[in-house]
Structure formats: structure tokens, C-alpha cells
Amino acid sequence: MKIIPREARRITNSNELRELRKRLHLTPLQKDILIGTLLGDGSLELGAWKNCRLSIYHSILQKDYVLWKHKIFKNWTLQEPKFTQINNALRFRTLSHPELTNYRNLFYKNKRKVIPENLFELLNPVVLAVWYMDDGNIRKQNGSVYGYYLNTQSFTYQENVKLSKILEQKFGIDSYVLRNKGGYRLYFGSKSKNLFPKIIEKYIIPSLQYKIR
């Protein structure tokens, strides 16, 4: 298996790093991808100067997805995605930055990921599509689509109920909160199985189209 090079470029001078951070600002697209990723598999870790950095980590089977995210955050990174053989996965991290720390304050409480109070305002089709690419899967039987899951087991039952209500208010999609693997997840069944993919389909990258068809 070909391993993606560890580093594309290296900046070791602290002044140069400081100047680079000053120039960085999240674009609207980067914000959407960040929010969808934080609702899904991504995390914000404490990095340099007491600020946070975004960590992206996916199976090698989702290589195209990792590279897609890396391209979007290219100006925020100093390295190409690294292949972790022990987990058969790809990972990259951004630089630490105050803007990312602000999102950490929204999405974490007592070191646990939570639902932001302003999630309704943060959501849009791009955010939902990234969230689904991170944590969603299709329910099919005999070639027919029965519905879609959002694997939200990291959130409590009450948080899942809140998510379900927000998604209905924002997009008009009905969902059920179902018990799964000791936690809970959202299911978009017969009432929403046609509407849900229409909202996100044009934002799903080619290699993950199987998740909606």
C-alpha cells in the first residue's frame, strides 16, 4: 500500500508560524466543513499557545474523503495526511488557532462533545452533508432504500431528541431516536427517505455516493 508522504512542507521558525497564524481566517466553506466534522467524527485538540487544532481521522477506505477535507483546509496545515498502519487510517491536523478555540467552546463542555446552543443557526445543507458523510449510512434491503441513519451515539438521549427537533425545524425532515449499541442514533424513515437525500446529494463527494443510493 502506498503511504502518503508525511510532510509536504516544513516551517520550523516560530516567527514564521506566528505570522502564518495571523493571516489565517476560516472561510464560509471551511466553517461549514468544520461544523459538519465536529458533529461527526472530527475533534478539536489543545495545541500550541493554548489554542485548539482540528484533527481529522478516517479509515484508509475513505482516503478520498480525507484528501477532500485536506484540500479544503490546505492553508491551515503544514503536512500531508499521515497513514497510521496500526489502525489502517489516515489523519491530519491543522495549526492551532483562536478561531478553532472558539468552536471548541461551542462544541465541548467538560471535555465532552455537546450540541451547540446555536446549532439551528449553524446548520445548512453543506453542514448536514458533511455530518452524514462522517457518521451516516443507508438502510437498504433487496436493492430498495428504506431510510438513512445518523450515528449520533456519542450524544445523550436528550441531545438526540434535541437534534431531531432541530432537523425538523430547519429542513422539514422527520427522524426517530432509536436505541443502538448502548446509545442512541437518528433514523430518517418512510416520511423523510425521499427528502433527506435531496437536501444533501449535490454535496456528497463521488466516492461516498453509495451512502445515499
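A brief report on the enclosed structure follows. Please read these numbers as outputs of a predicted model, since none were measured by experiment.

From N to C terminus, the chain includes 8 helices and 10 strands. On C-alpha atoms alone, the chain measures out to a radius of gyration of 18 Å, which is about the 17 Å that the 2.2 N^0.38 rule sets for 213 residues. A principal-axis box enclosing the C-alpha atoms of the chain has dimensions of 55 × 40 × 30 Å. Across the 213 residues of the chain, 50% fall into the buried class. Taken as a whole, the chain presents about 11,500 Å² of accessible surface, with 50% of it coming from carbon and sulfur. Treating the 37 positive side-chain charges of the chain as one cloud and the 17 negative ones as another, the clouds have centres 4 Å apart.

Looking now at the sheet that holds strand E10 (residues 183-188). With antiparallel pairing, the 4 strands of this open sheet are ordered in space as E7-E8-E10-E9. Strand pairing shows two members of the sheet lacking a second neighbour, strand E7 (136-141) and strand E9 (176-180), which therefore form its edges. Mean inter-strand twist for the sheet, computed between neighbouring axes without regard to direction, equals 35°. Pairing between strand E8 (residues 144-150) and E10: 3 bridges, direction antiparallel. Along E10, the bridge assignment pairs Tyr149 with Tyr187. Relative to the sheet, helix H6 (residues 125-135) contacts E7 and E8, its axis offset from that of E7 by approximately 70°.

Basis of the calculations
- Residues numbered from 1 in each chain as written.
- Predicted model: local features only at pLDDT ≥ 70, side-chain atom pairs only at ≥ 80, totals over all residues.
- Heavy atoms only, no water.
- Helix = DSSP H or I, 4+ residues; strand = E, 2+ residues; numbered from the N terminus.
- Rg over C-alpha atoms; globule rule 2.2 N^0.38 Å.
- Buried < 20%, exposed > 50% of the residue type's maximum accessible area, 1.4 Å probe, protein only.
- Areas by Shrake-Rupley, 256 points an atom, 1.4 Å probe, with all protein chains shown as cover.
- Lys, Arg positive; Asp, Glu negative; His and termini not counted.
- Charge placed at Lys NZ, Arg CZ, Asp CG, Glu CD.
- Pairing = 2+ DSSP bridges.
- Axes fitted to C-alpha atoms, helices over the stretch in contact; angles between N-to-C directions.
- Contact = heavy atoms within 4.5 Å.

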